[in-house]
Amino acid sequence: MNPAEKKALRRRLLDERQTLSVEARAALDQKILNRLLALPEVQAANTMLVYLDFRAEVSSRGLIEWGIAQGKTVCAPVTIVDERRLIPVKLRCADDVILGAYDIREPANRSDTVDAEEIDLVVLPGVGFDREGGRLGYGGGYYDRFLPKLKPGTPRIAVAYELQMLDAVPLEPHDARLDAVVTEARVYRRM
Ligand SMILES: Nc1ncnc2c1ncn2[C@@H]1O[C@H](COP(=O)(O)OP(=O)(O)OP(=O)(O)O)[C@@H](O)[C@H]1O
Ligand SMILES: [Mg+2]
């Protein structure tokens with residue numbers, strides 16, 4: 001798939017996601033959260049990196065609140081645009097945030113950084129996914145650069161609406177694979 005086709009695919013998926021009403025998304029978010037909390041990797045995690053949703057992404061609030069209430073260390077990414085890099089920073093609560101790069105919320109206190117080696121679960125968003133752990137992001141390569149810094153075997157789980165599932169995401173060698181994608185309908189585990 002050439003860059004123009006990939007861009008058009010992102011556009012189509014994002015437009016489609018945007019057509020869900022706020023109420024419809026809230027109902028799907030709850031189903032996704034229930035599936036997510038039933039996963040052994042999520043239950044077992046001590047230190048997790050969770051994205052802060054923007055626009056019509058699946059809400060991550062329930063997961064963040066649950067994790068903090070469970071006594072887990074919950075971090076979210078700070079985006080360093082110049083270096084195309086994500087830095088995990090600890091969240092004290094779900095609203096412990098400021099607006100960062102691209103108008104994405106990020107942890108308010110940048111001094112609470114957490115090493116990638118300490119993270120034992122990553123929950124990430126994306127634009128499109130397939131059943132084999134393929135992920136299409138927003139085109140910055142931020143997660144593709146970040147995920148290889150994790151301890152080998154650290155679970156990488158995406159959350160998405162079913163309408164974001166594709167037969168096959170166009171992948172390139174730098175694209176990092178996921179272990180599972182959780183939608184309102186089911187959990188897709190990479191075989
Ligand atoms: N590990 C890497 N090292 C260097 N460059 C990379 C790496 N991963 C991705 N890139 C570059 O980043 C750009 C965007 O990559 P890609 O289209 O896969 O982004 P994406 O997966 O949609 O974005 P994101 O991961 O931020 O959600 C590409 O030009 C790619 O070459
Ligand atoms: Mg990629």
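Only a predicted model underlies this, so the values are computations on that prediction, with no experimental measurement involved.

Distances from the magnesium ion (ligand 2) to its protein donors, Asp 144 (OD) and Asp 175 (OD), fall at 1.9 to 2.1 Å. Residue Asp 144 is found in helix α5 (residues 142-146), and its partner Asp 175 is found in the loop between β9 (156-159) and β10 (180-182); the two are separated by 31 residues along the sequence.

What follows is about the state of the cysteines. Overall, the coordinates contain 0 disulfides when judged by the stated rule. Considering cysteine sulfurs only, Cys 93 is the nearest to Cys 75, which forms no disulfide, with 14 Å between them.

With that out of the way, let us pick up the side chain of Asp 130. Mapping Asp 130 onto the fold places it in the loop between β7 (128-129) and β8 (135-136). The side chain of Asp 130 sits in the buried core without any salt bridge; Arg 177 is the nearest counter-charge, 4.7 Å away. A distance of 2.8 Å separates a polar atom in the side chain of Asp 130 from the backbone nitrogen of Gly 134. In this view, Asp 130 contacts Met 165, Leu 166, Asp 167, Ala 168, Val 169 and Val 181; residues no more than four positions away in its chain are not counted.

Feature annotation in UniProt places "binding site: substrate" (unreviewed entry) on Leu 52 and Glu 57, given in this structure's numbering. Turning to its location among the elements, Leu 52 is positioned in the loop between β1 (47-50) and α4 (61-69). If we ignore the near neighbours within four places in the chain, the residues touching Glu 57 are Arg 17, Arg 25, Tyr 51, Leu 52, Pro 125, Tyr 138 and Tyr 161.

A few words on the site of ligand 1. Among the 14 residues in the neighbourhood of ligand 1, the closest are listed as Arg 135, Gly 139, Tyr 142, Asp 144 and His 174. A distance of 2.9 Å separates an oxygen atom of ligand 1 from a polar backbone atom of Gly 137. At a separation of 3.3 Å, a nitrogen atom of ligand 1 approaches a polar side-chain atom of Arg 145. Alone, ligand 1 offers 640 Å² of accessible surface; in the complex the protein occludes 69% of this. Taken together, the elements giving at least two residues each to the shell around ligand 1 come down to α1 (3-18) and α5. With 4 residues, α5 is the largest single contributor of residues to the shell around ligand 1.

Criteria and cut-off values
- Counting starts from 1 at the beginning of each chain's written sequence and moves along it residue by residue.
- Note on labels: chains are lettered from A, ligands numbered from 1, in written order.
- Since the coordinates come from a predicted model, pLDDT governs what is reported: local features require at least 70, and pairs of side-chain atoms require 80 or more to be given and counted, while whole-chain, interface and lining totals use all residues.
- The basis for every side-chain value is the complete set of non-hydrogen atoms in the structure, without hydrogens or water.
- Metal donors: N, O and S atoms at distances within 2.8 Å, or within 3.2 Å for Na, K and Ca, with water omitted from the atom set so that some sites may seem incomplete.
- Counting from the N terminus, the helices are DSSP H or I runs at least four residues long and the strands are E runs at least two residues long.
- We call a pair of cysteine sulfur atoms a disulfide when they lie within 2.5 Å.
- Only protein chains enter the accessibility calculation, which uses a 1.4 Å probe; a residue is then buried when its area is under 20% of its type maximum, exposed when over 50%, and partly exposed in between.
- All tallies of charge rest on Lys and Arg as positive and Asp and Glu as negative; His and the ends of each chain are not included.
- Think of a salt bridge as a Lys or Arg side-chain nitrogen and an Asp or Glu carboxyl oxygen that are within 4 Å of each other.
- Any pair of nitrogen or oxygen atoms within 3.5 Å is treated as a polar contact; in protein, a donor-acceptor pairing is required on top of that, and neighbouring residues in sequence qualify only through side-chain atoms on both sides.
- By definition, residues are in contact when any of their heavy atoms lie within 4.5 Å.
- UniProt positions are given in the numbering used here, feature names are shortened, and annotations may be inferred rather than shown by experiment.
- The rule for a residue being near a molecule or strand is that one of its heavy atoms must lie within 4 Å of it.
- Residue-level accessible areas treat just the shown protein chains as cover; the underlying method is Shrake-Rupley with a 1.4 Å probe.

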